[in-house]
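# Notes for the structure review
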Amino acid sequence: MITGVVILLPHQQVRAVKVDFIPREMPWKRATTGYAPSTVQCPPVLPTIRAATTLSVNETSWLKVRQPNTVWALRDFLSRANITGLDTNAYIGDGTNKTILPNIGIAISGGGYRAMLNSAGAIAAFDNRTTNSTGRGQLGGILQASTYVSGLSGGSWLLGSLYAQNFPSVQEVIMGASSDLGTLWQFGDSILEGPAELSVTQYYNSIFDEVNGKEAAGFNTTITDYWGRGLSYQLINASNGGPSETFSSIGNDPQFLAANTPMPIIIADERAPGQLMIPSNATIFEFNPWELGSYDPTTQAFAPLKFVGSNFSGGTLLDRETCIAGFDNTGFVIGTSSSLFNTFYLQINNTDAPQRVKDRISQMLLEIGQENNDISDWPNPFYGFHNKTNVNAASKTLSLVDGGEDLQNIPFHPLIQPLRHVDVIFAVDGSADTSAPGANWPNGTAVVATYRRSLFDSSNVGFPSVPDQNTFINLGFNTRPTFFGCNASNLTEPSPLIVYLPNAPYSYSSNVSTFDISYNNSERNSIIQNGYNVATIGNSTLDLQWPTCVGCAILLRSFNRTRTAIPGVCTQCFNMYCWNGTVNSTAPVPYQPTHLLKSNGSASLLSPVSFAIAMVLGAWLILFT
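Residues numbered from 1 in each chain as written. Predicted model: local features only at pLDDT ≥ 70, side-chain atom pairs only at ≥ 80, totals over all residues. Heavy atoms only, no water.

Here the focus is the overall build of the chain. Secondary structure summary: the chain contains 17 helices and 16 strands in total. The burial tally for the chain puts 62% of its 625 residues in the buried class. Considering only residue pairs separated by 6 or more positions, the chain has 75% of its internal contacts joining residues 24 or more positions apart. (Helix = DSSP H or I, 4+ residues; strand = E, 2+ residues; numbered from the N terminus. Buried < 20%, exposed > 50% of the residue type's maximum accessible area, 1.4 Å probe, protein only. Contact = heavy atoms within 4.5 Å.)

Formed by 160 residues in total, the largest nonpolar core has its most connected members in F126, W185, F287, W378, F426, F483 and W546. Setting aside its immediate chain neighbours within four residues, W546 contacts L139, P481, F483, V499, L501, A535, T536, I537, S540 and Y577. (Core = buried A, V, L, I, M, F, W, Y, C linked by side-chain atoms within 4.5 Å.)

Here the focus is the state of the cysteines. One pass over the full model with this rule turns up four disulfides. The side chain of C549 participates in a disulfide bridge whose partner is C573; the two sulfur atoms lie 2.1 Å from each other. Residues C549 and C573 share a disulfide whose torsion about the S-S bond is about -75°; that sign makes it left-handed. Here the residue C549 occupies a position in helix α15 (residues 546–562), and C573 occupies one in helix α16 (residues 568–577), the gap between them amounting to 24 residues. (Disulfide = S-S within 2.5 Å.)

On strand β7 (residues 291–294), burial covers both faces: E291 and G293 on one face and L292 and S294 on the other are all buried. Across two bridges, the pairing between strand β6 (residues 284–287) and β7 is antiparallel. If you follow F287 over to β7, its bridge partner there is L292. Taking the residues that link successive antiparallel strands as the turn, the β6-β7 hairpin has three residues. In terms of strand pairing, β7 meets strand β8 (residues 301–304) through four bridges, oriented antiparallel. The residue of β8 that forms the bridge with L292 is A303. The loop that links β7 with its antiparallel partner β8 comprises six residues; one of these, Q300, has a positive phi angle of about 45°. (Pairing = 2+ DSSP bridges.)

With that out of the way, let us pick up the packing of helix α2 (residues 71–81) against α15. It is at 8 Å that the axes of α2 and α15 come closest, and there the two elements cross at 130°. Of the possible angle classes, the one that applies to α2 and α15 is oblique. Crossing angle aside, the handedness with which α2 passes α15 is left-handed. Of the residues in α15, those in contact with L74, F77, L78 and A81 of α2 are P547, T548, V550, G551, I554 and L555. (Axes fitted to C-alpha atoms, helices over the stretch in contact; angles between N-to-C directions. Parallel < 35°, antiparallel > 145°, perpendicular 65-115°, else oblique. Left-handed = near helix turned anticlockwise from the far one by under 90°.)

Okay, the packing of helix α8 (residues 223–235) against helix α10 (residues 330–337) next. Interaxial distance between α8 and α10 falls to 8 Å at its minimum, and their mutual angle equals 115°. By the criterion of interaxial angle, the relationship of α8 to α10 is roughly perpendicular. The handedness of the crossing between α8 and α10 is right-handed. Across the interface between the two elements, T224, D225, W227, G228, L231, S232 and L235 of α8 pack against G331, F332, I334, G335 and T336 of α10. Here the residues of the contact of α8 with α10 are counted per class, giving five nonpolar, six polar and one charged. (Nonpolar A, V, L, I, M, F, W, Y, C, P; charged D, E, K, R; others polar.)

All told, the structure shown has 30 aromatic pairs when counted by the stated rule. On the basis of an interplanar angle of 85° and a centroid distance of 5.5 Å, the ring pair of F472 and Y500 is categorised as edge-to-face. Residue F472 is found in helix α13 (residues 469–474), and its partner Y500 is found in strand β16 (residues 497–502); the two are separated by 28 residues along the sequence. Like Y500, F472 is buried. One aromatic cluster in this structure is built from Y113, W157, F187, W227 and Y519. Directly above the ring of F327 sits K214, whose terminal nitrogen or CZ lies 4.1 Å from the centroid. (Phe/Tyr/Trp six-rings, centres within 6.5 Å; stacked < 30°, edge-to-face > 60°. Lys NZ or Arg CZ within 6 Å of the ring centre and 35° of its normal.)

Have a look at this one:
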């Protein structure tokens, strides 16, 4: 039995390099003074649209700083992983040998609050700032050793929230390490009712005025504007929703500039003019701190995110003297990635919202029709660009929708781009694929969808073979970690190793409905705790060698490149966790999982008793038998 710990106490020093907390919405974060985009002076070098044949200059420059910054955390984790037969410190060295240094990505699935909270637990497990996350059986440091972290839909909420606060730990948020953080993630206050500190009337009047101001400024608005503003009160700023917080402002965050955090990427799907159903080969767009665009061979271009609202045509600005900034409001970005949830506002008439708000939202729903209420309208910076392949080249509007509507509910796409050279992806899957009696658990559908798309992708994007969903269930891949792509010689295109981490009931039945919109703090914390257990498989209770196997997975592509002999313990790990090609496609019996860990009755997370014990002992012990 191994003891595990999840929640960092705000007074504690971390063992490794401490990332100081910087209050949100500092002056350097403000691209605008409100929600409505505004005219600003263009920079000396005018913004342009670039072809997606390389990484951006910004990303390339940032990587030169980030990659050396990952070395200390990687060496620390690998030394604790205890890969016998390999001196990991000597192998990694000072990190200057790029052939050796592994490149790590984390992909966070969609799935509403369930996915957000499940992934929050996994991020806490990977974060060496979490109390005792660097102890035996733990995975702390993987976050600090990662280069990229991607999210879509509910997963984008987690990224948007953390990066808007200058990347505190999950633990600091749920412990309320500052007065501002303590007001976030209060999901007992439904998004349809607003935060406790505002009346329903104040909440909706504020949202209405902000969205109306954007429309008055001459920009299209959709239900996604209202949805994004509602999310912002829960995730960014409970008092005013952070109306001036933009996603591009992350690029000015001192911690991000210093490359002390992974690079966040949020994705959404393109909806072509006249299209109702999103096909599996839909163009996938990404938002990163510098750009909006796609590597797909259709659009294959990127626009500067800060100025994405400007009047671009054929790749250049029509008005060379003025630029538009502020369209990339963080709430609008994560609302775009989760536009499927716009349907929540069908319930608007059951709330105490002011009548003018009810009338406006009802009118918008009536005007656009049910088939269009999932869209998010952006000014199309790719107007007149790549006319032969870009399906939206003739449209002034770029319509984007929920990043999971093409069934690729884990955002692998930006991490499998060959230009990024990612070696291993930790795929945290909080999807709801199964039906009753064991409803709302993943069954690998998101992984299968990305694999099937890769078979017909014309841009040479590789992805390892995976089995069908029935095999996922029949062989138990939906209840435990599984590695895909272990044998690089079997791949037709270079591909990262996939470490698949499906949501499963380790300590809590976290299979809540995607469309549940209210959770008290006890439910919230239990789902986060379960997500922590998913990543650590119960603090390695179910496999004492789990950290070793994670270390082996991180190093596998490096071993392949350097022709290093696989340590014997890694061979054991790969025999245990790698998919060996076996398939069982028969219809599975009804899925009814039970808790994988048995509690000994320890105090619940964040209860007054356990908090007091933690203050005395300096640790939060969650024991499993």
